[in-house]
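Architecture and fold: a report
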Amino acid sequence: MSVWPLENDRFLVAVHATGAELSSIRDKLAGREWLWQPRPGVWNNSATMLFPVVGALVHEGVRVDGQFLPLSAHGFLRGQTFTCIEQSVNHLVLEARATPETLGLWPWCWRVQLQIALHEDGLSVRQHVFNDDLQSFWYSIGWHPGFALPVASKTGWHVKFGEKAVRGPFTTRNRMLVTEGQNQKVTSFPLTEASFRDGAIYFGDCQQQQVLICSPDGTIVMTLETAEHDWLALWSVPGADLLCIEPLAGTTDAPDFDGNAENKRGIRHLAPGQSQVFSVRLRFAVDAHAGIDRIPVIFHAKGSGAAMSVNRENVRVYISNVLGGLGETDQHIARFILEQSAAVAQMPVRKLAEAMSVSEATIVRFCKKIGYTGLLELKAALKRELLDDREQVLPSSPDIFLDDTRNDVAQKIAMTVETTLNETIGLLDMKVVNPVVERFLTANRVLFVGFGASGLSAMEARDKMNRQGIDSEAYTDRFTMTLKLANLKPEDLVVAFSHSGETPEVVNAFRLAKKAGAQCLAITHSPQSPLTELADTWLLTSGSAGPYQGDSIATRMSQLFIIEFLCTEITRHNLRDSASTGLSIKELLIKERIKRESTG
């Protein structure tokens, strides 16, 4: 199973196997989704686990007993596959442990369990770290949940701390944290757009602390209670109705951190055979409507009588999403529609009522309750949706598993690629495309850099740009990057491919480019990363790899789409002076070739 559900009378929670990431905390009573839903270009997660490091690493890794261990920001746990070792209706225990791949990065036998339990007013999250190795190790751990709160839409949101004050606030610059010489203590903090302009805000002395999230009118909308975590970070993206509240055992690096793990701020030490627990408790207000009208309403509480907002793009997905918030009779109708959609689209109301064993009026009330004007509109939407379906039913999820059929695998890869390309188009900032094209055309030379799978995209981009008549080179290993980029000139353009935006070799290439005064364009999936911090401009890609896909083809397709789009725009720019504006690009190119051959 890739997703585990938990449910009680008030909450419906979903937890993914990858990274043990909570993907949904649906409040049936308040009719709201509390967790942030991934949005490319803003934040593409909901609640990630951080281990064995927290935050950014100034040296792109740490040293332990003289050995350098390359690690990316927040560590590798968020990409590991968890297995279920215990589950009930409202309780779940997942576990991940060291693999040959992680031992190549962090050479100790670790084990991490995540325990989630539902309560009447919220849930508890318990991280449990085990040392199964024969040697002790250093580590940090944290939890990075994001909540859908209108902190950008409405001014006046603020955080209050419990009875004791906390140290801070400590700001980050270039993802690095400075706390030395700052000993102030606070009991509250305003949540404004300016607060997060430079990145996350940290607070210290946060063990056994209450963090109260208050709406502009002072209502306590939710509470996060820490136990063993000694640090807390708040983070948001300016302009987004997102608030991340991160209990941490450790922090992002200080600018002068020497790279030795034992000197890393907040680091923990675990002896062989020992374990340590870190607990968090979340409580959500019952009357959660005060001050947060802008939170997306998934469905209204039972008996409210209010109409739901409908996503008309996919009727069946919408009905599946709201199923848990419906009464018993309405759930019966909804399940019948989901199971026999084709029949429902054709049957008159009288026969539907007989088949469902309910009255005709009950069916009409159900349609209105979920946002349609009546049965006719619902049936029309179903017909359109069924007509758009392919003859072969597509899988419900793009995740690939070992027991999938070959046809399932093929369909899921196709689904992932199609979704990725559509998302990439949605992420394209058309306002920056023209300046980027101009920079390609005016650059003395263009140098593409990438590492691993992104290196293949760099080489593809080099070949395409050379065919456009743009002097281009590509470098895909650290030694050549360092050697070639040391001789850059300000009129050169460096284009870096990195899905994560954290690849050390590529980030280092950008540092060299900036030092030489060259222009830097990043093509990445992450708008908040070391790469984009150094870039003059960036274009965002989409795509993510499943547990059995390795370097996802979707990720490369997104990068190749950007290359093709830029090359096409360069071609259109070069042909704009042609008098034959009614011809296609292909026809214009053929005409230009004939002209060259006839005069040659």
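Overview of the structure. (Residues numbered from 1 in each chain as written. Predicted model: local features only at pLDDT ≥ 70, side-chain atom pairs only at ≥ 80, totals over all residues. Heavy atoms only, no water.)

So, on to the sheet that holds strand S4 (residues 32-33). An order of S1-S2-S3-S4 is seen for the four strands of this open sheet, with the pairing classed as antiparallel. Pairing within the sheet leaves two strands with one partner each, and these edge strands are strand S1 (3-7) and S4. Of the pairings in the sheet, the one linking S1 to strand S2 (residues 11-16) comprises five bridges and is antiparallel in character. Across the sheet, the residue bridging to Leu-6 is Val-13, located in S2. (Pairing = 2+ DSSP bridges. Helix = DSSP H or I, 4+ residues; strand = E, 2+ residues; numbered from the N terminus.)

Okay, the packing of helix H11 (residues 478-485) against helix H12 (residues 504-516) next. Orientation of H11 relative to H12, taken along the N-to-C sense of each, is 5°, at an axis distance of 10 Å. Relative to H12, the element H11 lies roughly parallel. Counted together, Arg-478, Met-481, Thr-482 and Leu-485 of H11 and Pro-504, Glu-505, Asn-508, Ala-509 and Leu-512 of H12 form the full contact between these two elements. (Axes fitted to C-alpha atoms, helices over the stretch in contact; angles between N-to-C directions. Parallel < 35°, antiparallel > 145°, perpendicular 65-115°, else oblique. Contact = heavy atoms within 4.5 Å.)

Per the counting criterion, the structure on display carries 18 aromatic pairs. Plain terms: the ring middles of Phe-51 and Trp-110 are 5.5 Å apart, the flat faces sit at 55° to each other, and that makes the pair tilted. You can see Phe-51 sitting in the loop between strand S5 (47-50) and strand S6 (61-64) and its partner Trp-110 sitting in strand S10 (residues 110-119), a full 59 residues away along the chain. Relative accessible area serves as the criterion here: at 0%, Phe-51 is assigned to the buried category. (Phe/Tyr/Trp six-rings, centres within 6.5 Å; stacked < 30°, edge-to-face > 60°. Buried < 20%, exposed > 50% of the residue type's maximum accessible area, 1.4 Å probe, protein only.)

Once that is clear, we can look at a negative patch on the surface. Together, Asp-65, Asp-256, Asp-258 and Glu-262 make up a negatively charged patch on the protein surface. Within the secondary structure, Asp-256 is located in the loop between strand S23 (243-249) and strand S24 (268-270). (Patch = residues over 30% accessible without salt bridge, like charges linked within 9 Å, V, L, I, M, F, W, Y side chains within 5 Å. Areas by Shrake-Rupley, 256 points an atom, 1.4 Å probe, with all protein chains shown as cover. Salt bridge = Lys/Arg side-chain N within 4 Å of Asp/Glu carboxyl O. Lys, Arg positive; Asp, Glu negative; His and termini not counted. Charge placed at Lys NZ, Arg CZ, Asp CG, Glu CD.)

Strand order in this open sheet of five strands is S27-S26-S28-S29-S30, and the pairing throughout is parallel. With one partner strand each, in any of the chains shown, strand S27 (472-475) and strand S30 (537-540) form the two edges of the open sheet. Mean inter-strand twist for the sheet, computed between neighbouring axes without regard to direction, equals 20°. Examined bridge by bridge, strand S29 (residues 519-524) and S30 share four bridges and lie parallel to one another. Bridge pairing in S30 links Leu-521 to Thr-537. Packing of helix H10 (residues 453-467) onto the sheet brings it into contact with strand S26 (446-450), S27 and strand S28 (493-498), and relative to S26 it is tilted by some 160°.

On to the packing of helix H8 (residues 406-427) against helix H14 (residues 553-575). Running from N to C, H8 and H14 cross one another at 35°; their axes reach a closest spacing of 9 Å. Where H8 crosses over H14, the handedness of that crossing is right-handed. The residues of H14 that touch H8, namely those facing Ile-413, Thr-416, Val-417, Thr-420, Leu-421, Thr-424 and Ile-425, are Ile-553, Ala-554, Met-557, Ser-558, Phe-561 and Ile-562. (Left-handed = near helix turned anticlockwise from the far one by under 90°.)

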